Amino acid sequence: MIDNIRTINEEQGLILSVVGDNYRIIVSGEQTQGEYAVIDMLVPPGGGPGPHSHSEIEELFYVVDGEIEFTTEAGKYTARKGAFVNIPKGGEVHCFKNVSNATAHMLCTVMPSGLDAFFKEIGVPVGAGVFLPPPVMSKEDMARIVGLAEKYGQKLYPPDYLG
C-alpha cells in the first residue's frame, strides 16, 4: 500500500472455481465498504454462467484476452480483446460464454459489491491456474444456489431462457 492507495499484486486475492470458471477476487466489497468489487475472470472454452439478472447491481466487463459471447434479451455480442461490456442496473437477463478454443480473460467490476460475496459462498477455493469441471447439480444443490443467488439480489433462469 502506498499511503491511501491500495495495491494488489498478481499473487493476491482469493481464487475460486465458480461454474467451472476461475474467479480471483482482486478487491472485495469488504475492502470498499460495499461500494464495488473487482473480479479477475478466467473462462475456459465453453465456460461461463447461465442466464441471470440482478436489478440493483451494475456489472462492467473488460475483455483482456480471448472471445466472450454476451447474450441478453436484446441479442448477442461477441466481445474480443479490448472490448468493454456494461450491464446496467435494471435487471436485464444476461449470460456470457467463451466461444473460442482458448481460455478467455476478463476483468469484472460490480457496483455495489455483492457478487463477490455470492461467489465466495458458492465457489471452491483453488490455486492459480487450477480449473475444476462445472459441478453436477442435484435438485437440492440447485435449490441452494437459487436461494443464495436471491440472498445477493440475483435471479437465475433456465439454461435455455435466452434461446
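Residues numbered from 1 in each chain as written. Predicted model: local features only at pLDDT ≥ 70, side-chain atom pairs only at ≥ 80, totals over all residues. Heavy atoms only, no water.

Description of the packing of aromatic side chains
- If you walk through the whole model with that rule in mind, you get 7 aromatic pairs.
- Each ring, one from F61 and one from F70, has its centre 5.0 Å from the other, and the planes form 55 degrees; the classification is tilted. Of the two residues, F61 and F70, neither departs from the other in class, the shared state being buried.
- Linked through ring pairs, Y23, F118, F119 and Y152 together constitute an aromatic cluster. (Phe/Tyr/Trp six-rings, centres within 6.5 Å; stacked < 30°, edge-to-face > 60°. Buried < 20%, exposed > 50% of the residue type's maximum accessible area, 1.4 Å probe, protein only.)

Some thoughts on the pairing of strand β1 (residues 14-18)
- β1 sits mainly inside the fold: 4 of its 5 residues count as buried.
- Across 5 bridges, the pairing between β1 and strand β2 (residues 21-27) is antiparallel. Bridge pairing in β2 places L14 opposite I25.
- The hairpin turn running from β1 into β2, its antiparallel successor, is 2 residues long, and V19 in that turn takes a positive phi close to 50 degrees.
- Here β1 pairs with strand β11 (residues 124-125) via 2 bridges, running antiparallel. Counted as the bridge partner of L16 is P125 from β11. (Helix = DSSP H or I, 4+ residues; strand = E, 2+ residues; numbered from the N terminus. Pairing = 2+ DSSP bridges.)

Some details on the packing of helix α1 (residues 115-122) against helix α2 (residues 139-151)
- As a packed pair, α1 and α2 sit with axes 10 Å apart at the nearest point and diverge in direction by 160 degrees. In this view, α1 runs roughly antiparallel relative to α2, as classed from their interaxial angle. Of the two elements, α1 crosses α2, and the hand of that crossing is right-handed. Residue-level inspection shows F118, E121 and I122 of α1 in contact with α2, the latter providing R144, I145, L148, A149 and K151.
- Taken together, the residues of the contact of α1 with α2 break down into 5 nonpolar, no polar and 3 charged. (Axes fitted to C-alpha atoms, helices over the stretch in contact; angles between N-to-C directions. Parallel < 35°, antiparallel > 145°, perpendicular 65-115°, else oblique. Left-handed = near helix turned anticlockwise from the far one by under 90°. Contact = heavy atoms within 4.5 Å. Nonpolar A, V, L, I, M, F, W, Y, C, P; charged D, E, K, R; others polar.)

Notes on the sheet that holds strand β3 (residues 37-43)
- The 7 strands are arranged β8-β5-β10-β3-β2-β1-β11 in an open sheet whose pairing can be described as antiparallel. Each edge of the open sheet is held by one strand with a lone partner, namely β8 (84-87) and β11.

What to know about the pairing of strand β5 (residues 58-65)
- The pairing of β5 with strand β10 (residues 104-111) spans 7 bridges and is antiparallel. Counted as the bridge partner of F61 is C108 from β10.
- Pairing geometry for β5 and β8, over 4 bridges, is antiparallel. Of the residues in β8, the one forming a bridge with Y62 is F84.

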